[in-house]
Amino acid sequence: MLDHLIFGFSVAFTPFNMLIAFVGCLVGTIIGVLPGLGPTGTIAILLPLVFSMPAASALIMLAAVYYGAVYGGSTTSILVNIPGESSSVVTTLDGHKMALQGRAGPALAISAIGSFIAGTFSIIVLTFIGAPVASFALRFGPAEFFSLMVFGLSTVASLTGKSIAKAIMATVLGLMMATVGIDLISGAPRYTFGNPFLLDGIDFIVVAIGMFAISEIIVTSEELRTGERGQVIKAKSIWVSFSEFVYSIGSILRGTVIGFFVGILPGAGGTLASFLSYDIEKRLAKNPDSFGQGEIRGVACPESANNAASGGALLPLLTLGIPGSGATAVMLGALMMLDITPGPLLFQKHPELVWGLISSMYLGNLMLLVLNWPLVNLFARIMYIPARYLMPIVLVISTIGVWSLSYSSMDLIIMGICGILGYYMRKNDYPMAPILLGLILGGRMEQAFRQALIISRGSLLIFLQKPISITLLIGTLIFLMLPYLLEKWRQIQIARESAG
Amino acid sequence: MKFWDKITRPRGEALVFLLGVVGYIWAGLSLPPYYRVPGVPGPSVFPLILGAIMGGAALWLLIFPGKQEKSKRSPSESSRWHRLLKAWRFFLMWGLLIAYVFLMPGLGFILSSAVLLTALFFLLGEKRWYLGIPIALVFTIGIYMAFAKGLQIRLPLGILKGMFNW
């Protein structure tokens, strides 16, 4: 283990890789501070930058951007009540209340400390159980992989959005988009309608930028007109007192553990981790009513959880090739474009990649703390750039990201269509994350499904005969039923309380 | 209750999805038979399963559109649509964005982006032309230099190609 780690440090500590890790952290933090542009969009925009780099350097940079964006996402949640990305939504509940009470400094500081502790913990765990999980993953055949992907999609579908039917429809829409292009098994062109540009399929970056960046600018214009955009509050102090730190340390540790293990679940990601940890923390608290009123633990816990989840999400990505979140889904696509297929053999075939990445993350976390803590006021000044300038410029840069994929007008047109679709979905409670995950996983999911059927000579029972597969399918059913069960439980609780 | 009153927005969406599913399955089944090999699941199998799941979810939404959506469209909602129709900025912004993605390759990055940025700055609330136009030009050229010259991304010059020999 130590040999691997030392080898990893020798890869990560080259001057070039240290520089790009620093640049990645810096860019990720800056963009994480921007409302609406989370890690997924940031990585998608920066993809053209990494294609000319060696694979290990490219992955180090993308990972640095990823955890930098997660790290910086809390700043806007706290200062202006606008989450930088989805996993920081829950931070607004107490973080912004603290800022309104003149405690923006302690809120930002505890967020930085919690993120550092959680990030470091998740890397240590990744170091020691990454390889064993990879060897366990070798037991996964096509049937198990198919069931795992069904499970991953169901966790997202069941926990995003208000309606399970809409979440399923969004997921299947993503899977349907993935069927466009040449079928890898038979060579048949599907859903191309004679258009040669569609033979390669629909690129996930085109869909991601269309749905997020284009719809964002329209939503921004609406918010500017209705005055829903928050006002920037200047932080008075960036220090947290020792007593506040001691008071919050339990929450940080609980958030870290919950976040890491939820982050491992394919498709769950930081958003779910932050919500779950906040919910559990509130239930464990002696004074749950203080949550939502400017409780420092209400910031410490979800911020630790979403950063631990960002480390945890790398585990299924590297060992199984299954993205744990939208951002790692984009990273998976980037790796595949670099001719590297993440999965159980990655640790054997590309040790410099995996161990270089893990080692660079130790350094990256330290860089992030150094960047975030003293410079948080400086980063927050980005918020002073008026949205009327910021959002159009971000849109133009995003469009370059799409254009650079294949220099094709068709990509831009699909981006425009996805923009309209994304806007409609945002306005009508259709979750967008499942579409992206469906599109990313669709091709591999179909391949695993058909390979399993070839092995079983066409019998669907293969998915029920393999123990891992049947366990995952039962898990899928539970996750899909979960929202209904939770709702029923909540109704019973309310009925009991009103009766009492 | 009249038939049209029952067609709430979720139900309308469900109908659109159902129509889409029919088209998707039909296109999947119309693949030439020579792509099918005996004993191997063909290229239509997975799309058929996806179509069935999507159809099931759309039917579910059609039958159970949700408690709030069952009610008749409220007057406030119709006035919201009325306001939306009056919001010419909303439609102009969409028109600009769609025109940008269609026309950028032909008109060129610099020209189309400068026009788009200027227009969006004004649509998003900038009223000072002496600020909006220079900022749009500076950022367009800055972004072009950074991406086209710095990162070697081939951005189209379009109709400016003959004017600048960059």
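Residues numbered from 1 in each chain as written. Chains lettered and ligands numbered in written order. Predicted model: local features only at pLDDT ≥ 70, side-chain atom pairs only at ≥ 80, totals over all residues.

A. A look at the overall build of chain A. Counting secondary structure elements, chain A contains 21 helices and two strands. Counting across all 500 residues of chain A, residues that qualify as buried make up 61%. Across chain A, every contact between residues at least 6 apart in sequence was considered, and the portion connecting residues at least 24 apart equals 79%. (Helix = DSSP H or I, 4+ residues; strand = E, 2+ residues; numbered from the N terminus. Buried ≥ 20, exposed ≤ 12 C-beta atoms within 10 Å, placed from the backbone. Contact = placed C-beta atoms within 7 Å.)

B. Here's a closer look at the overall build of chain B. In terms of helices and strands, chain B carries eight helices and zero strands. In chain B, the succession of α and β elements from N to C terminus is α-α-α-α-α-α-α-α. Evaluated residue by residue, chain B yields a buried proportion of 27% over its 166 residues. Contacts in chain B between residues far apart in sequence, at least 24 positions, make up 58% of those at least 6 positions apart.

C. Spatial organisation of unusual backbone geometry. Residues and elements named next belong to chain A. Its identity as a non-glycine residue notwithstanding, Y191 has a phi of 55 degrees, on the positive side. Relative to the assigned elements, Y191 resides in the loop between β2 (189–190) and α9 (204–226). One non-glycine residue, R457, lies in positive phi territory at about 55 degrees. For R457, the position within the fold is in the loop between α19 (433–455) and α20 (462–465).

D. Inspection of the nonpolar core at higher detail. If you look at the biggest cluster of nonpolar residues, it comprises 184 residues, and the most contacted ones within it are L62, V207 and L436 of chain A. For this core, the leading source of residues is helix α4 (residues 55–80) of chain A, giving 16 residues. (Core = buried A, V, L, I, M, F, W, Y, C linked by C-beta atoms within 7 Å.)

E. Expanded view of the interface of chain B and chain A. Chain B puts 47 residues into the contact, and the matching count from chain A is 42 residues. Of all the elements in the fold, those that place two or more residues in the side of chain B that touches chain A are α2 (9–29), α3 (45–63), α6 (88–107), α7 (109–123) and α8 (129–150) of chain B. At ten residues, α3 of chain B tops the list of elements feeding residues into the side of chain B that touches chain A. Residues that form the side of chain B that touches chain A fall into these classes: 38 nonpolar, six polar and three charged. (Nonpolar A, V, L, I, M, F, W, Y, C, P; charged D, E, K, R; others polar.)

F. Examining the packing of α9 of chain A against helix α17 (residues 387–406) of chain A more closely. All names here are of chain A. The contact between α9 and α17 brings their axes to 10 Å, and the two run at 165 degrees. As far as their axial angle goes, α17 and α9 are roughly antiparallel. Between α9 and α17 lies a crossing of left-handed hand. On α17, the residues touching I205, V206, I209, A213, I214, E216, I217, T220 and L224 of α9 are A387, R388, M391, P392, V394, L395, S398, G401, V402 and L405. Along the lines of polarity and charge, the residues of the contact of α9 with α17 split into 14 nonpolar, three polar and two charged. (Axes fitted to C-alpha atoms, helices over the stretch in contact; angles between N-to-C directions. Parallel < 35°, antiparallel > 145°, perpendicular 65-115°, else oblique. Left-handed = near helix turned anticlockwise from the far one by under 90°.)

G. Inspection of the environment of Y278 of chain A at higher detail. Residues and elements named next belong to chain A. Within the secondary structure, Y278 sits in helix α11 (residues 269–284). Judged by the 27 C-beta atoms lying within 10 Å of it, Y278 is buried. Residues within four places of Y278 in sequence aside, it is in contact with V90, G298, C301 and P302.

Scope: geometric values only; no functional claims are made or implied.
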